[in-house]
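Given next are the chains, with one letter for each unit.
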Amino acid sequence: MLRITGKGGGDSLIEMSPTESFSDDGNGYHQHASSSTGSLQQGQSEIGKQKLSKDSVFFQDGVRRIDFVLSYVDDKDCEKKQERRRIYEANLEKAGLELETEDKSESEDGKTYFVKIHAPWEVLATYADVLKIKVPFKVSDIPDDREIPMNWLSTPFRLPKSIMNPEPDYFTAPFSKSKSDFFLIDNQDTFFPPSTRNRIVYYILSRCLYVSEECGDKKGIKRLLNNGSYTSAFPLHDSRYWTKSKDANCESERYDLYKHWARFLCFFKEQPINRIRQYYGEKIGIYFAWLGFYTEMLLFAAVVGTICFTYGFLTYDDNEWSKEICSEEIGGKIVMCPLCDKKCSYWKLNTTCNSSWQSHLFDNVATVFFAIFMGIWVTLFLEFWKRRQARLEYEWDLVDFEEEQQQLQLRPEYETRCTKSKENPITKEMEPYLPVTSKCARSCLSGATVLLWISLIIACIIGVIAYRLAVYAAFASFMKDSPTNHLEVVGPYITPQLATSVTASCINFVIIMILNLMYEKVAIWITDMEIPKTHLEYENKLTVKMFLFQFVNYYSSCFYVAFFKGKFVGYPGKYAYMFGSNLRNEECDPGGCLIELTTQLVIVMTGKQVWGNIQEALLPWVMNWWGSRKARSHPESLYSRWEQDHDLQSFGQLGLFYEYLEMVIQFGFITLFVASFPLAPLLALFNNIIEIRVDAWKLTTQFRRPVAAKAHSIGAWEEILNGMAVLSVVTNAFIVAFTSDMMPRLVYMYAYQPQGEMNMKGYINNSLSVFNVSEFQDSSRPEEAENPMWFNVTTCRYRDYRYPPGHEKQYSHTMQFWHILAAKLAFIIIMEHVVFLVKYFVAWLIPDVPSDVRARVKRERFLVQEYLHNYEVEKLKMQLSQQGNKECTCTPMIYPTLPKHEVLSEVL
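Owing to the predicted nature of the structure, the values given are computational and were not obtained by experimental measurement. (Residues numbered from 1 in each chain as written. Predicted model: local features only at pLDDT ≥ 70, side-chain atom pairs only at ≥ 80, totals over all residues. Heavy atoms only, no water.)

## Some points on the overall build of the chain
Logical step 1: The helix and strand inventory of the chain stands at 28 helices and 17 strands.
Logical step 2: Out of the 908 residues in the chain, the part that is buried amounts to 52%.
Logical step 3: Expressed as a percentage of contacts within the chain between residues at least 6 apart in sequence, the contacts between residues at least 24 apart total 77%.
Logical step 4: Put simply, the chain shows about 42,500 Å² of open surface, and 60% of that area lies on carbon and sulfur atoms. (Helix = DSSP H or I, 4+ residues; strand = E, 2+ residues; numbered from the N terminus. Buried < 20%, exposed > 50% of the residue type's maximum accessible area, 1.4 Å probe, protein only. Contact = heavy atoms within 4.5 Å. Areas by Shrake-Rupley, 256 points an atom, 1.4 Å probe, with all protein chains shown as cover.)

Shown next as structure tokens:
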């Protein structure tokens, strides 16, 4: 049984007779009247669900489009929910929306009601005027004369023009209801696209009261969803994704997006950005435009990074210091001091032969070049993105759009929770506000909560460090006789250092994931508690909180390995201990700390990306498969469009936020620590190629259609990217100077090479200091049972530059140490200044807005003024001609009265 209500012709409630007849034309519902008095064909019973089309996005009359759907399960025991729904739907009708309810007997589960909502032209025109939505008034007369050099090379990657540019280019102006004949309105039903229609309806839904006025100011669909009055609220997809709709009035844009964008076989094709924007709105469109551009730019970084890695591979045999380490005459005779207390024994340097060769792949001269290159690359990426963004702003009619303009309307939650009002100095209207004392108190509590959680992360990282210190001795003790040592291929690579590093990295990754899930809820809670005024302010506050947390969560372990590990270990006989405990501070792997940083980076970065893609693709698919199992078990019954979408996952208001966060965290990995792993951009490139199609697939097939929203930029993420770009120059300079062995090698080659030759012969012996084993303290002296059979020496060597025993300055730093430190600091200063100078020069050289876009914007503004002026003149002439000889007392702005409709705020 269907109940149709609304303001189609008047203000009365229209009850539809059950004897009305409808026929299914394969594409919707078509009502047949048998006489002028409205009598209908007899002999028809209640409309069976089997006669409805699967792809119908229309009311039962086959004319009015479904712009939004609400669903609920009727709880007979909860009269409060029923009363809320009754008042809410009555207020929606007062606002001009038309409703049609699907009875629960027509649903697959037999208990869910669906309320279908249609916005008539009068409502759309009213709120398009309120929201200043831009609409076309003239076809653009500016030719697109941009020529791309060697365009034929990109032909295999191109999509058909009908997919890339589904609509011609128009000049647009903000819609005005009083000047509707100024705009290119061919058909009122299709003038506003579905994405605009659902945005307008959601605006109304968010501001409708669900209690009587005397009971308070409780309103908004979000609160009704939270208190369980409704179970879901969503706009409809226009068709099934795997086939076109049979309805000629349905655009089937979802099918086109799936066919040309969401399938993985399209991974090498460009993205249909304009069609994405048309279907999902500008906010989602600009995310995919940014992600695609970021992926394109990664190609250049990946190529250079691969060349640098290849250089390390090709110069493998020229690695003099590794040859000395692996040599029996040099490395085989150098006995190294134990790496931990009591349980670790003396060891020969040539046992680190393999790790030394591995380290050379990443720790070579090309590393310096790549670090400088990435500092410049990140600037080019950000500057060229600004230009791409400016072009999209023009093409998508967002040039004059300000986020604040879109957010003229306060958040419904802000209006509800702020009980005090004050006069707006601009509009001179009373509006709710949050007192300064309350705002400060909430901000302080929010900041304290964020600091508490960041402290919790740091505590967990310290716990992981303590684990590394505690288990290293255990690994060293039982791995010396481990069966893995006898494996021909991998045996030499399985060392206590590797085992400690890998297990600690995996534990750290698990802790990151767990804290991640917990903090998301906390961040949303404290942001809600602050009661931000606008949606923009809400998103920015949440963005900052989440990013600060994620920054510490994901990067803290890498910062530890890069800048702290092995830097504060002391020397044999006077080791440094963690916070005064019996846990000795970690030394770097014999191959250097850079290879450990590389291991840490690969595990965290790759693990996050693989887990993220599996979670994004698999979880929604499994949940949808389980949710629609009943419908699949009854193939003979009809699975209507609103029920199909109801069984999909909700994208959520913060769905896009998590996509940005994932990519920005990845951006940090490939910029902040890229000097330690030149292949990071290549891994990111492969991940992003998959990421684009996974995001497209899940958005097109696994999620309900999101409410369209406008955005003229990527928002606060742009400032975060700029901040990380600056920080990356500093971190990479410090990695090259302090984490890699580049500076000690260069100082040795130019100043300390005994023969004065420009080579690295003798470097290993020069870089190791000598210690008298008799001076070990009892707490750190190796146990007798741990000493190897060949041990019969009086001294051991360790990585540092200190005077030998017996010297008047024994165990104090040599002059070479201070020379190396000076070289490191000089390198940091020079590299930072050079890169920053190039960065700012490039930023100054490349204008943010292309010249042709600037010209088009000026042309469009000129035409808007000219056409509006001509329009007003013509209106005035018409009025004067109609009045004849009578005296004209009207203003030039007079316009024949259109049916007046109340604006929602006035109604409520």
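So much for the structure itself; the text now carries on.
## Describing the environment of Thr 126
Logical step 1: Secondary-structure assignment places Thr 126 in helix α2 (residues 121-130).
Logical step 2: Polar side-chain contacts of Thr 126 include one of 2.8 Å to the backbone oxygen of Glu 122.
Logical step 3: In this structure the side chain of Thr 126 is engaged in a polar contact, spanning 3.1 Å, whose partner is the side chain of Lys 177. (Polar contact = N/O pair within 3.5 Å; in protein donor to acceptor, adjacent residues only side chain to side chain.)

## A word on the packing of helix α17 (residues 535-563) against helix α18 (residues 593-627)
A pair of packed helices is characterised by two quantities: the angle between their axes and the separation of those axes.
Logical step 1: Contact geometry of α17 with α18 gives a least axis separation of 9 Å together with a crossing angle of 170 degrees. Relative to α18, the element α17 lies roughly antiparallel. Contacts between α17 and α18 involve Tyr 554, Ser 557, Cys 558, Val 561 and Ala 562 on the former and, on the latter, Cys 593, Glu 596, Leu 597, Gln 600, Leu 601, Val 604 and Lys 608.
Logical step 2: Residue classes in the contact of α17 with α18 are distributed as eight nonpolar, two polar and two charged. (Axes fitted to C-alpha atoms, helices over the stretch in contact; angles between N-to-C directions. Parallel < 35°, antiparallel > 145°, perpendicular 65-115°, else oblique. Nonpolar A, V, L, I, M, F, W, Y, C, P; charged D, E, K, R; others polar.)

## Some points on empty space enclosed by the protein
Logical step 1: Under the defined criterion, the tally for this structure stands at eight cavities of 30 Å³ or more.
Logical step 2: Of the pockets and cavities examined, the second largest cavity occupies roughly 80 Å³.
Logical step 3: In terms of lining, the second largest cavity is formed by Val 57, Arg 65, Ile 66, Asp 67, Pro 194, Arg 197, Asn 198, Pro 235, Leu 236, His 237, Asp 238 and Arg 705.
Logical step 4: Taken together, the residues of the lining of the second largest cavity break down into five nonpolar, two polar and five charged. (1 Å grid on protein atoms, 1.4 Å probe; cavity = no way out; pocket = protein on both sides within 12 Å on 5 of 7 lines; lining within 4 Å. Points joined across faces, edges and corners; volume = space filled by probe spheres on them.)

## Section: the pattern of salt bridges
Logical step 1: If you walk through the whole model with that rule in mind, you get 33 salt bridges.
Logical step 2: Residues Glu 530 and Lys 545 are paired through a salt bridge, measuring 2.4 Å at the closest nitrogen-oxygen approach. Of the two residues, Glu 530 is situated in helix α16 (residues 496-530) and Lys 545 in helix α17; the sequence distance between them amounts to 15 residues. Like Glu 530, the residue Lys 545 is buried in the burial classification.
Logical step 3: Several salt bridges converge on common partners, so that one network encompasses Asp 363, Asp 741, Arg 745 and Arg 799. (Salt bridge = Lys/Arg side-chain N within 4 Å of Asp/Glu carboxyl O.)

## Re helix α24 (residues 742-752)
In an α-helix there are 3.6 residues to a turn, and that puts residues three or four apart on one side.
Logical step 1: Listed in full, the buried residues belonging to α24 are Met 742, Met 743, Pro 744, Arg 745, Val 747, Tyr 748 and Met 749.
Logical step 2: Each element contacted by the buried residues of α24 is listed here: α10 (320-326), α12 (365-395), α23 (716-739), α25 (763-767) and α26 (815-845).

## Concerning a nonpolar patch on the surface
Logical step 1: On the surface, Val 610, Ile 614, Leu 618, Trp 621, Val 622, Trp 625 and Trp 626 cluster together into a nonpolar patch covering about 710 Å² of accessible area.
Logical step 2: Within the secondary structure, Ile 614 sits in helix α18.
Logical step 3: Overall, the relative accessible area of 42% leaves Ile 614 in the partly exposed class. (Patch = residues over 30% accessible without salt bridge, like charges linked within 9 Å, V, L, I, M, F, W, Y side chains within 5 Å.)

## Looking at the nonpolar core
Logical step 1: Trp 290, Tyr 294 and Trp 377 are the most contacted members of the largest nonpolar core, which totals 118 residues.
Logical step 2: With 46 residues, the next largest nonpolar core counts Trp 121, Phe 175, Phe 192 and Leu 205 among its residues. (Core = buried A, V, L, I, M, F, W, Y, C linked by side-chain atoms within 4.5 Å.)

## Observations concerning unusual backbone geometry
Logical step 1: With a phi close to 55 degrees, Lys 132 is a non-glycine residue in the positive phi region.
Logical step 2: Tracing the sequence through the fold places Lys 132 in the loop between α2 and β7 (134-139).
Logical step 3: Among the residues examined, Lys 132 registers a relative accessible area of 44% and is labelled partly exposed.
Logical step 4: At Ser 252, a residue that is not glycine, the phi angle is positive and equals roughly 55 degrees.
Logical step 5: Its place among the elements puts Ser 252 in the loop between β9 (232-234) and α7 (253-262).
Logical step 6: Residue classification places Ser 252 among the buried residues on the basis of a relative accessible area of 3%.

## Some remarks on the pairing of strand β6 (residues 112-118)
Logical step 1: For β6, the tally of buried residues reaches seven of seven residues, placing the bulk of the element in the interior.
Logical step 2: As paired elements, strand β4 (residues 68-73) and β6 share six bridges and run antiparallel to each other. Within β6, the residue paired with Val 69 across the bridge is Lys 116.
Logical step 3: With five bridges connecting them, strand β5 (residues 98-102) and β6 associate as antiparallel partners. Looking at the pairing, Glu 102 lines up with Phe 114 of β6. (Pairing = 2+ DSSP bridges.)

## Remarks on the state of the cysteines
Logical step 1: Under the definition given, this model contains three disulfides.
Logical step 2: Each sulfur of the disulfide joining Cys 326 and Cys 353 lies 1.8 Å from the other. When the S-S torsion is 95 degrees, as for the bridge of Cys 326 with Cys 353, the disulfide is right-handed. Residue Cys 326 is found in helix α10, and its partner Cys 353 is found in helix α11 (residues 353-362); the two are separated by 27 residues along the sequence.
Logical step 3: Among the residues examined, Cys 326 registers a relative accessible area of 23% and is labelled partly exposed. (Disulfide = S-S within 2.5 Å.)

## Let's talk about the environment of Arg 745
Logical step 1: Structurally, Arg 745 is set in helix α24.
Logical step 2: In this structure the C-alpha to C-alpha distance between Arg 745 and Met 760, which are 15 residues apart in sequence, comes to 7.4 Å.
Logical step 3: For Arg 745, the residues in contact, after removing those within four places along its chain, are Trp 321, Asp 363, Met 760 and Tyr 763.

## Regarding the confidence of the model for the chain
Logical step 1: Residues of the chain with pLDDT of at least 70 account for 85%, and the chain-wide mean is 81.
Logical step 2: Low pLDDT, under 50, characterises residues 888-908; the stretch is placed with 45 contacts to residues that sit more than four places away or in other chains. (pLDDT = per-residue confidence, 0-100.)

## Focus: the packing of aromatic side chains
Logical step 1: The full count for this structure, using the stated rule, is 61 aromatic pairs.
Logical step 2: Aromatic pair Tyr 72 and Tyr 230: ring centres 5.8 Å apart, planes at 80 degrees, arrangement edge-to-face. Highlighted residues: Tyr 72 in strand β4 and Tyr 230 in the loop between α6 (221-226) and β9, separated in sequence by 158 residues. An identical accessibility class is assigned to Tyr 72 and Tyr 230; each is buried.
Logical step 3: Ring geometry for Phe 651 versus Phe 703: centroids 5.6 Å apart, planes at 90 degrees, classification edge-to-face. Of this pair, Phe 651 sits in the loop between α20 (641-646) and α21 (655-672) while Phe 703 is found in the loop between α22 (680-702) and α23, placing the two residues 52 residues apart along the sequence.
Logical step 4: Its guanidinium or amino end placed over the ring of Tyr 575, Arg 584 lies 3.5 Å from that ring's centre, counting from NZ or CZ. (Phe/Tyr/Trp six-rings, centres within 6.5 Å; stacked < 30°, edge-to-face > 60°. Lys NZ or Arg CZ within 6 Å of the ring centre and 35° of its normal.)

## Brief notes about α17
Logical step 1: Between its first and last C-alpha, α17 extends 39 Å over 29 residues, near the 42 Å set by a 1.5 Å rise per residue.
Logical step 2: Along α17, the sharpest change in direction is near 50 degrees and occurs at Tyr 555.
Logical step 3: Across the 29 residues of α17, 21 count as buried, placing the element largely inside the fold. (Expected span 1.5 Å × (residues − 1). Bend = angle between axes of the 7 residues up to and from the residue.)

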